[in-house]
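# Survey of secondary and tertiary structure
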Amino acid sequence: MKSIYDLEIIDLEEYFLSINEKKYKAKQVYEWLYKKRVSSFKEMTNLKKSLIEQLEKDFSFDSLTILKTEKGKRVNKYLFLLPDQEKIEAVLMFHDYGNSLCISTEVGCNMGCAFCESGRLKKVRPLKPFEMVLQILLVEAAIKERISHVVLMGIGEPFDNYDSVLRFIRIINSNQGIDIGARHITVSTCGIVPKIEQLSQENIQINLAISLHAPTNELRDKLMPINRVYPIEKLFKALKKYYDLTNRRITFEYIMLDNVNDSLEDAQALADLLRGINCYVNLIPYNETSHLQFKKSSHLKIMAFYDILKKNKINVTIRKEFGSEVSAACGQLRSTN
Ligand code: SAH
C-alpha cells in the first residue's frame, strides 16, 4: 500500500476524482498532513466518516521512529528506524540563515567511493518518497522549529533513486505542503550523467551539487568508481548542457584528503578544469572515520589550495566543520549502531 506521504497534490486530486469526490479534498488532506501535522486520517475532522474509512483502506500512515539523537554544537544527528527495521540517518545544522537538514535517499549505497563511510554498507534498497518526507516532519516535530533548507547529501546516491527523489522534492516544494523553496533544496550527486541530463529537463529551480573530489580522471578513477563509467569529459559535457538549459550555477564539492588530492598542482588543475564555468567550489575538510585510512588535509594546505583557486578567479568557500563530534560524517552513526 502507498503511504499518504508518497503523494503529490495532483496525485491526490486524481485519486479523489477517481472515487467521485471533489478535487478540493486534496487540499484539505494536504493541509492536515503538512500544516496541521496530524498522524491519522481520523483526525481529519472536516472529512466525512465514509471518506476517512476509504482513505484508511487505500493509504497507509506508516511512520519512521527516531531511534537516537546526538546533539552537538549547532548540529543534531538523528538515527531513524524505517518500517522494515532498516536504519538511516539525517543531520540537522543550525546555520545563521536557517535550519538545514541533510537527508538520506537510500539504505546503503552502491557507488563505492573510497573515502566514504556510507558505501561500506551496500545498498539494501532505495527510500520511498514518504521516508524522505518524514525525515523532515519528524525532525521539525522534535525541534519544534521549521527546516528552511534541505540537502540530499546523507546516505545514498539520489540519482540512483531518481524518480522517488524528484517526487519527494515536488512534495516538499509544494506551497500546499511543507513549502520549502526550490532554491533551498540541493541535490548532490557523484555524477550519474544520464540523470543530470534528465534533471535539466525538469523545469525545477533546485541546486545541483557535484561531488568532484579530483581534477583528473587518473585520480578520480581511484577515488570514485563512477568515474570509470562517466569520466570527467562526459560529466562536464552534461553539466554544460544543464547550465545552458537551466541557467543555474553549479556547485562542486571537493573533499580535502591529505596527500591525495590537496597539492598545489591539484588546485591548479582544478582551476583549469573549471575555468569559464559558472560555478562555485565548496572545499570540504574531510571528516575522518575510524574504518578508513584517509586523513584530512591540514588547515594550511586547505588555505593554500583555496588561494590558488581564488587567484584563478574561481568562486570558492571552505565548508564550516559541523558535526565531527557527533560522528556526522556520512554513514557514521548508521555504521556504529
Ligand atoms: N551520493 C551523493 C550524496 C551523498 S554524499 C554524492 O556523492 O554527492 C554527500 C557528500 O559527502 C559527497 O560530496 C561525499 O563525497 C561527501 N563525503 C562522504 N564522506 C565524507 C567524509 N568522511 N567527510 C566529508 N565529506 C564526505
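Along each chain, residues carry numbers from 1 onward, in the same order as the chain's sequence is written. Side-chain atom pairs in this predicted model are given and counted only at pLDDT of 80 or more, local residue features only at pLDDT of at least 70, and totals for whole chains, interfaces and linings cover all residues. Side-chain numbers come from the whole structure's heavy atoms, not from hydrogens or water.

## Quick word on the site of the ligand
Our working rule: Whether a residue is near a molecule or strand depends on its heavy atoms: it is near if one of them lies within 4 Å of it. Counting of polar contacts relies on pairs of N or O atoms within 3.5 Å, with two restrictions inside protein: one atom must be capable of donating a hydrogen and the other of accepting it, and residues adjacent in sequence are counted only when both atoms are side-chain atoms. Method for areas: the Shrake-Rupley scheme with a 1.4 Å probe, in which residue coverage is limited to the protein chains shown. Each helix corresponds to a stretch of at least 4 residues labelled H or I by DSSP, and each strand to a stretch of at least 2 residues labelled E; elements are numbered beginning at the N terminus.
In the vicinity of the ligand, 20 residues are found, and the nearest of them are E157, S188, S211, H213 and N287. In the environment of the ligand, an oxygen atom lies 3.4 Å from a nitrogen or oxygen atom belonging to the backbone of T189. Taking C190, its main chain carries an N or O atom lying 3.5 Å from an oxygen atom of the ligand. For the ligand, whose free accessible area comes to 540 Å², the fraction covered by protein is 94%. Elements supplying a minimum of two residues to the shell around the ligand: β10 (185-189) and β12 (250-256).

## Comments concerning the packing of helix α1 (residues 9-18) against helix α2 (residues 25-35)
We count it as follows: Axes here mean lines fitted to C-alpha atoms, for a helix over just the part in contact, with angles spanning 0 to 180 degrees between N-to-C directions. Note on angle classes: values under 35 degrees are labelled roughly parallel, values over 145 roughly antiparallel, values of 65 to 115 roughly perpendicular, and the remainder oblique. Take the far helix as the reference: if the near one is turned anticlockwise from it by less than a right angle, the crossing is left-handed, and if turned clockwise, right-handed. Residue contacts follow a heavy-atom distance rule, with two residues in contact if any of their heavy atoms lie within 4.5 Å. Under the convention adopted here, Pro, Cys and the residues Ala, Val, Leu, Ile, Met, Phe, Trp and Tyr are nonpolar, Asp, Glu, Lys and Arg are charged, and Gly plus all remaining residues are polar.
In the contact formed by α1 and α2, the axes pass within 8 Å of each other and the chain directions differ by 130 degrees. Relative to α2, the element α1 lies oblique. Between α1 and α2 lies a crossing of right-handed hand. Side by side, α1 and α2 meet where I9, L12, E13 and F16 of the first sit next to K25, A26, K27, V29 and Y30 of the second. Here the residues of the contact of α1 with α2 are counted per class, giving six nonpolar, no polar and three charged.

## Observations regarding the sheet that holds strand β3 (residues 65-72)
Which entries qualify depends on this criterion: Pairs of strands are assigned from DSSP output, requiring at least two bridges between the strands.
Pairing is mixed in the open sheet, where 10 strands are placed in the order β3-β4-β5-β6-β9-β10-β11-β12-β13-β14. Single-partner strands in this sheet number two, and they are β3 and β14 (315-318). Mean inter-strand twist for the sheet, computed between neighbouring axes without regard to direction, equals 20 degrees. Here strand β5 (residues 87-95) pairs with strand β6 (residues 98-102) via five bridges, running antiparallel. Considered in β6, the bridge of F94 is made with N99.

## Structural notes on the domain arrangement of the chain
Condition: An automatic or database domain assignment supplies the residue ranges for each domain. Computed with a 1.4 Å rolling probe, the buried area is the accessible surface lost when two parts are put together, summed over both parts. Throughout this description, the term salt bridge denotes a Lys or Arg side-chain nitrogen within 4 Å of a carboxyl oxygen of Asp or Glu.
When its domains are assigned, the chain resolves into domain 1 (2-60) and domain 2 (65-326). The gap between the C-alpha centroids of domain 1 and domain 2 is 33 Å. Contact with domain 1, which involves 13 residues of that partner, is made by 17 residues of domain 2. Taken over both partners, the interface formed by domain 1 and domain 2 buries close to 1,300 Å², and the fraction arising from carbon and sulfur atoms is 54%. Counting across the domain 1 and domain 2 interface gives three salt bridges. The shortest N-O distance in the salt bridge between D11 and R167 comes to 2.7 Å.

## Considering helix α5 (residues 162-173)
Quick reminder of the rule: One fewer than the residue count of a helix, multiplied by 1.5 Å, yields its expected span. For each residue, the accessible area found with a 1.4 Å probe, counting protein chains only, is set against the maximum for its type, and the residue is called buried under 20%, exposed over 50%, and partly exposed in between.
For α5, built from 12 residues, the straight-helix expectation of 16 Å at 1.5 Å per residue is met to within 8% by its first-to-last C-alpha distance of 16 Å. When we look at burial in α5, the residues that qualify are Y162, S164, V165, L166, F168, I169, I171 and I172. Of the surrounding secondary structure, the elements contacted by the buried residues of α5 are α2, α4 (129-143), β9 (149-152), β10 and α6 (193-200).

## Here we look at the layout of surface pockets
Definition in use: Cavity: a set of points on a 1 Å grid over the protein atoms alone where a 1.4 Å probe fits but cannot get out. Pocket: an open set with protein on both sides within 12 Å along at least five of seven lines, its lining residues, like those of a cavity, having an atom within 4 Å of a point. Grid points are joined across faces, edges and corners, and a volume is the space filled by probe spheres set on the points.
Put simply, the second largest pocket is a space of about 170 Å³. Residue lining of the second largest pocket: Y5, L33, R37, V38, S39, F61, D62, S63, L134, L137, L138 and A141, and that is the complete set. The leading source of residues in the lining of the second largest pocket is α4, at four residues. Looking at the lining of the second largest pocket, its residues break down into eight nonpolar, two polar and two charged.

## Observations regarding unusual backbone geometry
Residue Q85 is not a glycine yet carries a positive backbone phi of 75 degrees. On the secondary structure map, Q85 appears in the loop between β4 (75-81) and β5. Judged by its relative accessible area of 54%, Q85 falls in the exposed class. Even without being a glycine, K144 presents a positive backbone phi close to 55 degrees. Along the chain, the position of K144 falls in the loop between α4 and β9.

## A word on the environment of M1
Here M1 is to be found in the segment before β1 (2-3). Of the residues examined, M1 reaches a relative accessible area of 67% and is grouped as exposed. Taking the C-alpha atoms as reference points, M1 and K195, separated by 194 residues in sequence, lie 28 Å from one another. Those residues in contact with M1, other than ones at most four positions away along the chain, are E56, K57, D58, F59 and S60.

## Some words on the pairing of β5
The buried fraction of β5 amounts to eight of the nine residues, a majority that puts the element mostly inside the structure. The pairing of β4 with β5 spans seven bridges and is classified as antiparallel. Each bridged residue has a counterpart across the sheet, and for Y78 the counterpart in β5 is A90.

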